[in-house]
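Structure assessment
Residue strings, one per chain:
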Amino acid sequence: MLCNFNYTHFSHTMGHLSTTLTFISFLFLFLTPFHQLAHADSPTQPPYSCDTTYPLTKSYTFCNLNLPIIERAKDIVSRLTLDEKLSQLVNTAPSIPRLGIPSYQWWSEALHGVANAGKGIRLNGNDSIKAATSFPQVILTAASFDTKLWYQISKVIGTEARGVYNAGQAEGMTFWAPNINIFRDPRWGRGQETAGEDPLVNSKYAVSYVRGLQGDSFEGGELVGDRLQASACCKHFTAYDLDHWNGLDRFDFDAKVTLQDLADTYQPPFHSCIQQGRSSGIMCAYNRVNGVPNCADFNLLTKTARQEWNFNGYITSDCAAVAIIHDRQGYAKTPEDAVADTLKAGMDVECGDYLTKHAKSAVLQKKVPISQIDRALHNLFSIRIRLGLFDGNPTKLKYGTIGPNQVCSKQNLNIALEAARSGIVLLKNTASILPLPKSTNSIAIIGPNANSTSKVVLGNYFGVPCNLVTILQGFESYAKNSIHHPGCNDGTNCSSAEIDKAVEVAKKVDYVVLVVGLDQTQERESHDRDHLELPGKQQELIKSVAKASKRPVILVLLCGGPVDITSAKFDNKIGGILWAGYPGELGGLALAQIIFGDYNPGGRLPVTWYPKDYIKIPMTDMRMRPDPSSGYPGRTYRFYTGPKVYEFGYGLSYSKYSYNFVSVANNNLHINQSSAHSILENSETIRYKLVSELGEETCQTMSVSVRLGVTNNGNMAGKHPVLLFVKQKKGRNGNPMKQLVGFESVKVEAGGRGEVGFEVSPCEHLSRANEDGVKVIEEGGYLLVVGEEEYSINVTV
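Remember, predicted model here, so these are calculated numbers, not experimental data.

Helix and strand content of the protein chain: 23 helices and 28 strands. The globule rule puts the C-alpha radius of gyration for 797 residues at 28 Å, and the 27 Å found for the protein chain is close to it. Summarising its shape, the C-alpha atoms of the protein chain cover approximately 75 × 75 × 50 Å along the three principal directions. Of all 797 residues assigned to the protein chain, the portion counted as buried reaches 64%. Long-range contacts, defined here as pairs at least 24 residues apart, represent 77% of the contacts in the protein chain between residues at least 6 apart. Side-chain charges of the protein chain comprise 77 positive and 77 negative groups, with the mean position of each set lying 2 Å from the other.

What follows is the structure, encoded as C-alpha cells:
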C-alpha cells in the first residue's frame, strides 16, 4: 500500500526546481506510511479489564465507570492477595487472571518519538505499524524556543503512542519522558536529551511535552474526566547530570547541592512539570543528593512532590535504582532495608526485579507495612484507570479511533521537518556566503557525519523512523553533481583519515560542505565526554579541506553537547558554520533547505559553548555560582564568568532583526514595606521581601506587561525567537548575571514588523533564592533586556 509523497507539501519554495522533482518524488516515496494496513490485519487485540472477555468482572466495583477513580483503584487493591500486591510493584507487572486484570508494562520510551527502546513498545516488520515519527533530539528542538511547536510534537507522539497501543503493539501507555534535568556541564553524555541549561526553558518544555502527550490543551486544564491519552513521566528527580566521568558513575555519585542551587536551578523544571503540566509520573534518579539516594528520600518524593507540589501520579525508580541503594551505595544495610526505604520515601513502582526478590521478606520482617504497599498500588492502578484500561476495550472509547493511518502521517512528518528547520542554528555567515545559489552545479559533502545512519542523526532513545533522509540525500535533491567523501575511515572517532583524498574531492567542486561532530560513541547514557574538541583528526580534516577549497567552506556540526570550534570560528576559509544537533529523520532535508535558502534559519543555542579548557573544572562540582577565591568560574550563562566560544541564546539568521519596547506597564513596583527584611552586604543595606509573604494574589497584581516590536530588516521572511532577559542594574553576590524571563517565537515577513507580549512576574522572574533556598525580591533597579535594547524597572520595598 505505497503511495507517492507530495514533496511540495513540505516546501512550496522548491516548485521551480523541475529538474529535481522526479528525484524528490522517488526519494520520498516511502515517506507516506508503508505500514498503513487494514486494522483487521493487526494482531489479535490483547484482553482488557472489565471487557466482555471477562464477563464476571462486570459486577466488580472497579468496573463501575461512574465511580471516582480513587474508589475504583481501592477496590482493585482490596481484592488482591499479598503475593498479587507485591507482583504489581515492578515495571513488568503480571496478569491477575482471576480478576480479569491483564499484564502491564510500565517502561516505554518516547523521548523524541515513540520508540522501541523500552520494553513496552513493539515496532517490527511483522506488525501493522512498523515505524513512528522520529523528531529531532530534544536539545535541537529546544533551540527553536517555540513552546507551541514543542506541544505539537508531543501531541503527535501521544497520538502515535495511542495508535500503536490500539494496534496491539504496546503493553503499556506510560512513557518515561521528558528528561528535564539541567544541562549543567558540557561533557554530560545525556545533555542531548534535555532542553538545555536554563531552568525556565526546561520548565516550559516540560509543560508543553506533558500536556501534548497526555491529551491536554496547550493552555492546560482540559483533560476530560482526568482521562489520559498517554502518560508522561518527568525525569530524573533530582540533580542528575553525571553518568560516567573520571572513574565515577551515576550509581555511586553523591551530588553535593546547596539549598540555593536546588531552589533556583535543579528543582524548577520538576515543579512546573507537576503543578502546571500535571504530569502523571515522575522518576527518581540513581544518584544521591547530599548523602541521601533520591529514591529513598522522603523529603523529596513525599514532602516536596506530593505534599508541597500536590503531585497525584505515580513515582517510578530508574532501572535498578533500588538495588544500588544497598549493593553499590551502601545506604541500606540489607536488601529488605532498601525496599523499605524506597517505599517509605514514596516510590510506587520499581524498574527492575529487586522488589520481586526482597519485598516479601521485607514484609515478613515487618520492615514494610501493608499500608505503604497499598498506597503504591492505589497510585499505580489509578494511572491505569486514567488511561482507560479498566473501562472495557479502550479502542471503543475516547482515543479508540486512533489507528495506523495517524502514525507516520504526512502531517506528522511535516512537523518533524519544521522542528529540524526551526532548531538548526546558524553560527557564522561571513560575507553572507549562505544561502548557496540554487544554480550550484557541483557540491562535495565531506566528513564522517555526511552520510550518517539513524544512530547519528536521531541521537539516543530513538525508535524506527518512518523514512530516514541522510544529510547526503538532502543535498542530492539540490545539486546536479553531489560528491560524497567520508574523510575519516572510522566514523566520528576519526583516528584514521583520508585527508589527501578528501582534499582532491574538494578541489573539483563549486562548494564544499563539511559535516563533522559527534555521535553516540562520544556522548550517550553511561558515557560522558572527557574533552570538548572534535575527536581524532576531524580538526585536521577541516583545516586541510578548507585550505584547498575554491571558496570558503560550510561547516556543519552534528552533536548534542557543545564543541570548542574556536579555530573554525576565526578561520577565513570557513565561511559558514551551522549546528544541527541530531536533527531527526528529516534532518538531511531540513539542512539542505536552509543552506540553499528555502528556509531562513532562526534557531538559538540552548546551552553555553565553553572553551576546551573548561574540562579543568570537575564534573562533580555541582555549584552553579562562581567562587572567585578558588577560581571556580560557575556554570551556565546565568553564573559563568569565564570566556565563551558562543553564548546561550546566540544564533544568526539570513535576516537582521531589531527590537523596540512598545509598552511596559507597571514598571515601578512598590511592595508593602511592612515586615520587610534587610541584610548588610559590602557596607550596603539591602532591603528585601520574602515571596512567601506576598501571596499569589499580590504577586499577580504586580505583574509587568511588556509589549515588544520585532522588525525583520532582511529580504527573507523568517521565524524568529525573541528572548527577554532581566538583570539587576547593580549585580550582587550570588545573584544571576542575567536571567531569561520569557521567550516567544514570531514569524515576520521580509521588511515587516511583528509584536510579542510577555508577562513578567516579580515573584517569579525578579526574585532570587537566598542561601537557605528561600525566594526573595530585593529592592533596587532592574533592566529588561532584549538584544541591545534595555528598559528600566524599579522595585521599592
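The next point concerns helix α6 (residues 199-214). Taking 1.5 Å of rise per residue, 16 residues should cover 22 Å, and α6 covers 22 Å from first to last C-alpha, within 8% of that figure. Burial analysis of α6 places 15 of its 16 residues in the buried class, the great majority of the element. Sitting at the amino-terminal end of α6 is aspartate 198, which places a side-chain oxygen 2.9 Å from the backbone nitrogen of leucine 200. Residue glycine 215 follows α6 closely and has a positive phi angle near 95 degrees.

Right, let's talk about the sheet that holds strand β14 (residues 511-517) for a bit. Strands sit in the order β11-β16-β15-β14-β12-β13 across an open sheet of six strands; the sheet is mixed. Since the sheet does not close on itself, it has two edges, and those belong to β11 (425-429) and β13 (481-485), each with one partner. Shown here is a sheet whose adjacent strand axes are inclined to one another by a mean of 20 degrees, direction ignored. Both strand β12 (residues 442-446) and β14 contribute to a ladder of four bridges, which runs parallel. Looking at β14, one finds that isoleucine 445 is bridged to valine 513. Taken strand by strand, helix α18 (residues 538-548) contacts β12, β14, β15 (553-558) and β16 (574-579), and its axis lies near 170 degrees from that of β14.

Two elements in contact, helix α5 (residues 147-166) and α6, have axes whose closest approach is 7 Å; the angle formed by their N-to-C orientations is 35 degrees. Crossing handedness for the pair α5 and α6: right-handed. Residue-level contacts link Thr147, Trp150, Tyr151, Ser154, Lys155, Ile157 and Gly158 of α5 to Val201, Lys204, Tyr205, Ser208, Tyr209, Arg211, Gly212 and Leu213 of α6. Here the contact of α5 with α6 is composed, by residue class, of seven nonpolar, five polar and three charged.

Another point: the nonpolar core. In this structure, Ile565, Trp579, Ile595, Trp609 and Leu740 are the most contacted members of the largest nonpolar core, which totals 221 residues. With eight residues, the top contributor of residues to this core is α5. Once residues lying within four places of it in the same chain are set aside, the contact partners of leucine 740 are Phe145, Asp198, Leu200, Val201, Tyr637, Phe648, Leu723, Leu724 and Phe725. Among the nonpolar cores identified, the runner-up in size contains 32 residues, and Leu669, Leu724, Val746 and Val756 belong to it.

What follows is about the pairing of strand β19 (residues 677-681). Where β19 lies against strand β20 (residues 684-690), five bridges are found, and the strand directions are antiparallel. Residue pairing in the sheet places glutamate 681 in a bridge with glutamate 684 of β20. The turn linking β19 back onto β20 is made up of two residues, and asparagine 682 within it adopts a positive phi angle of 55 degrees.

In this structure the tally under the stated criterion is 29 aromatic pairs. Summarising the aromatic geometry, the rings of tryptophan 150 and tyrosine 205 are spaced 5.4 Å apart at their centres and angled 65 degrees between planes, so their arrangement reads as edge-to-face. Of the two residues, tryptophan 150 is situated in helix α5 and tyrosine 205 in helix α6; the sequence distance between them amounts to 55 residues. Under the relative-accessibility criterion, tyrosine 205 is labelled buried at 5%. Seen from their ring centres, phenylalanine 648 and phenylalanine 725 are 6.4 Å apart, and the 80 degrees between their planes marks the pair as edge-to-face. Of this pair, phenylalanine 648 sits in the loop between α21 (636-639) and β17 (657-665) while phenylalanine 725 sits in strand β22 (residues 718-728), and the two are 77 residues apart along the sequence. Classification of phenylalanine 648 by relative accessible area gives buried; the value is 4%.

It is worth spelling out unusual backbone geometry at this point. Lysine 235 connects to histidine 236 through a cis peptide bond whose omega is 0 degrees. Examined against the element boundaries, histidine 236 turns out to sit in strand β3 (residues 233-237). A cis amide bond links phenylalanine 237 with the next residue in sequence, threonine 238, at an omega value of 10 degrees. Relative to the helices and strands, threonine 238 resides in the loop between β3 and β4 (244-245). We note that asparagine 310 has phi near 60 degrees; this positive angle belongs to a residue other than glycine. Positionally, asparagine 310 belongs in the loop between α9 (298-308) and β10 (314-317).

What follows deals with the state of the cysteines. Inspection of every chain in the model, using the stated rule, returns seven disulfides. Here cysteine 408 engages in a disulfide with cysteine 466; their sulfurs sit 1.9 Å apart. Judged by the sign of its S-S torsion, about -85 degrees, the bond between cysteine 408 and cysteine 466 is left-handed. With a gap of 58 residues between them, cysteine 408 in the loop between α13 (370-386) and α14 (410-423) and cysteine 466 in the loop between α15 (454-457) and α16 (471-476) connect regions that are remote in the sequence. The pair cysteine 408 / cysteine 466 is uniform in exposure class, with both members buried. There is no disulfide at cysteine 233, and the cysteine sulfur nearest it, in cysteine 234, is 7.1 Å away. Look at cysteine 233 and you get buried, because its relative accessible area is 0%. As a non-bridged cysteine, cysteine 559 has cysteine 488 as the owner of its nearest cysteine sulfur, 15 Å distant.

What follows is about the pattern of salt bridges. Applying the stated criterion across every chain yields a total of 43 salt bridges. For aspartate 337, the salt bridge goes to lysine 367, with nearest N and O atoms at 2.9 Å. You can see aspartate 337 sitting in helix α11 (residues 335-345) and its partner lysine 367 sitting in the loop between α12 (354-364) and α13, a full 30 residues away along the chain. Accessibility expressed as a relative area gives 31% for lysine 367, which makes it partly exposed. One salt bridge connects arginine 732 with glutamate 778, and the closest N-O pair in it is separated by 2.8 Å. Of the two residues, arginine 732 sits in the loop between β22 and β23 (739-748) while glutamate 778 sits in strand β26 (residues 775-778), which places them 46 residues apart along the sequence. The same class applies to arginine 732 and to glutamate 778, which are both buried. Each of Arg190, Glu193, Asp243, Arg250 and Glu525 takes part in one network of salt bridges that share partners.

Thresholds, definitions, all that
Residues numbered from 1 in each chain as written. Predicted model: local features only at pLDDT ≥ 70, side-chain atom pairs only at ≥ 80, totals over all residues. Heavy atoms only, no water. Helix = DSSP H or I, 4+ residues; strand = E, 2+ residues; numbered from the N terminus. Rg over C-alpha atoms; globule rule 2.2 N^0.38 Å. Buried < 20%, exposed > 50% of the residue type's maximum accessible area, 1.4 Å probe, protein only. Contact = heavy atoms within 4.5 Å. Lys, Arg positive; Asp, Glu negative; His and termini not counted. Charge placed at Lys NZ, Arg CZ, Asp CG, Glu CD. Expected span 1.5 Å × (residues − 1). Polar contact = N/O pair within 3.5 Å; in protein donor to acceptor, adjacent residues only side chain to side chain. Pairing = 2+ DSSP bridges. Axes fitted to C-alpha atoms, helices over the stretch in contact; angles between N-to-C directions. Left-handed = near helix turned anticlockwise from the far one by under 90°. Nonpolar A, V, L, I, M, F, W, Y, C, P; charged D, E, K, R; others polar. Core = buried A, V, L, I, M, F, W, Y, C linked by side-chain atoms within 4.5 Å. Phe/Tyr/Trp six-rings, centres within 6.5 Å; stacked < 30°, edge-to-face > 60°. Disulfide = S-S within 2.5 Å. Salt bridge = Lys/Arg side-chain N within 4 Å of Asp/Glu carboxyl O.

That is the geometry; function is a separate question.
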